[in-house]
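Letter by letter, the chains look like this.
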Amino acid sequence: NTESLIVLSNKGQIKSNREVTYLGENAIIHAQGMEMSNNDDTMSLEGDVIIKQDLGGVIETRNLLISHTNGEKYYQSKERTIYRSKDSTISAEMGMNLDMNENLMKLLGKVEVLNNSGSTMNSYNLFVDQSNGGEVYKSNDPTHYQTQVSDIKAKRMHYDAKTKKVELMGGVLGVYK
């Protein structure tokens, strides 16, 4: 949905330099522009991009590539990304990869998780698994978990956002106040 489209039929491309609304898989996506290639089944949503997931989460990023090649439903951004769920806000400095077939998102680079309870987690390359109606965060990289009464470091982390259970594993070192 947009106000204006440019169709380049000889190149198999469709473009818009206006605000675009795209009805994606389990999401509504808003962007500042769009370029679609019919030849390789990809679309670039340009500028600021907001993905409103049917599951309730909102992803804010820039310059999103959507690929439907060979039946995949894959979204990718290499720009700073913020994911907001019911109880958490997660920022990733190097973007995200989102597999809409699997409901699995990987937030790339340095990642900070701020929970409504006041706890924070800092890690790298965080997976957000939304399959089966859940929301589980996993990282196999060093994680720093802080609450008002604890400061814990570990080599890996697993957090179930629904049950609010965090599991810190490998070389766990904690200080409690």
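Residues numbered from 1 in each chain as written. Predicted model: local features only at pLDDT ≥ 70, side-chain atom pairs only at ≥ 80, totals over all residues. Heavy atoms only, no water.

## Considering the pairing of strand β13 (residues 120-129)
Then, in step 1: As paired strands, strand β12 (residues 104-115) and β13 are joined by 9 bridges and run antiparallel to one another. Note that in β13 the partner of L104 across the bridge is D129.
Then, in step 2: Here β12 folds back onto β13, and the loop between the two strands holds 4 residues, one of which, G118, carries a positive phi near 105 degrees.
Then, in step 3: As paired elements, β13 and strand β14 (residues 136-139) share 3 bridges and run antiparallel to each other. Looking at β14, one finds that F127 is bridged to K138.
Then, in step 4: If you look at the hairpin formed by β13 and β14, you'll find 6 residues sitting between the two strands, and N132 has a positive phi there, around 55 degrees. (Pairing = 2+ DSSP bridges. Helix = DSSP H or I, 4+ residues; strand = E, 2+ residues; numbered from the N terminus.)

## Thoughts on the environment of D41
Then, in step 1: Its place among the elements puts D41 in the loop between β5 (33-37) and β6 (42-53).
Then, in step 2: You can call D41 partly exposed: its relative accessible area is 43%.
Then, in step 3: With residues near it in sequence (within four places) discarded, D41 still touches I66, S67, H68 and T69. (Buried < 20%, exposed > 50% of the residue type's maximum accessible area, 1.4 Å probe, protein only. Contact = heavy atoms within 4.5 Å.)

## Some words on the confidence of the model for the chain
Then, in step 1: Scored by pLDDT, the chain comes out at a mean of 92, with 99% of its residues at no less than 70.
Then, in step 2: Within the chain, the lowest mean pLDDT, 79, falls on strand β1 (residues 6-8), and the highest, 98, falls on strand β9 (residues 81-84). (pLDDT = per-residue confidence, 0-100.)

## Quick word on the pattern of salt bridges
When charged atoms on two side chains of opposite charge get close, those side chains can pair.
Then, in step 1: The full count for this structure, using the stated rule, is 4 salt bridges.
Then, in step 2: Close ionic contact of K15 with E35 constitutes a salt bridge, the shortest N to O distance being 4.0 Å. One end of the pair, K15, is in strand β2 (residues 13-16); the other, E35, is in strand β5, with 20 residues separating them in the sequence.
Then, in step 3: Relative accessible area serves as the criterion here: at 28%, E35 is assigned to the partly exposed category.
Then, in step 4: The shortest N-O distance in the salt bridge between D87 and K164 comes to 2.7 Å. One end of the pair, D87, is in the loop between β9 and β10 (88-92); the other, K164, is in the loop between β17 (156-160) and β18 (165-169), and 77 residues separate them in sequence.
Then, in step 5: Look at K164 and you get partly exposed, because its relative accessible area is 47%. (Salt bridge = Lys/Arg side-chain N within 4 Å of Asp/Glu carboxyl O.)

## Looking at the environment of N140
Then, in step 1: If you trace the backbone, N140 turns up in the loop between β14 and β15 (143-146).
Then, in step 2: Along the primary structure N140 and A154 are separated by 14 residues, whereas in three dimensions their C-alpha atoms are 9.7 Å apart.
Then, in step 3: Excluding its chain neighbours within four sequence positions, the residues that come into contact with N140 are K155 and R156.

## Some thoughts on the side chain of E135
Then, in step 1: With respect to the secondary-structure elements, E135 resides in the loop between β13 and β14.
Then, in step 2: It is K162 that comes nearest to the buried, bridge-free E135 among opposite-charge side chains, at 7.0 Å.
Then, in step 3: Side-chain polar atoms of E135 contact the side chain of Y137, separated by 2.8 Å.
Then, in step 4: Excluding anything up to four places from it in sequence, E135 contacts Y83, S85, V128, D129, Q130, Y159, D160, A161 and K162. (Lys, Arg positive; Asp, Glu negative; His and termini not counted. Polar contact = N/O pair within 3.5 Å; in protein donor to acceptor, adjacent residues only side chain to side chain.)

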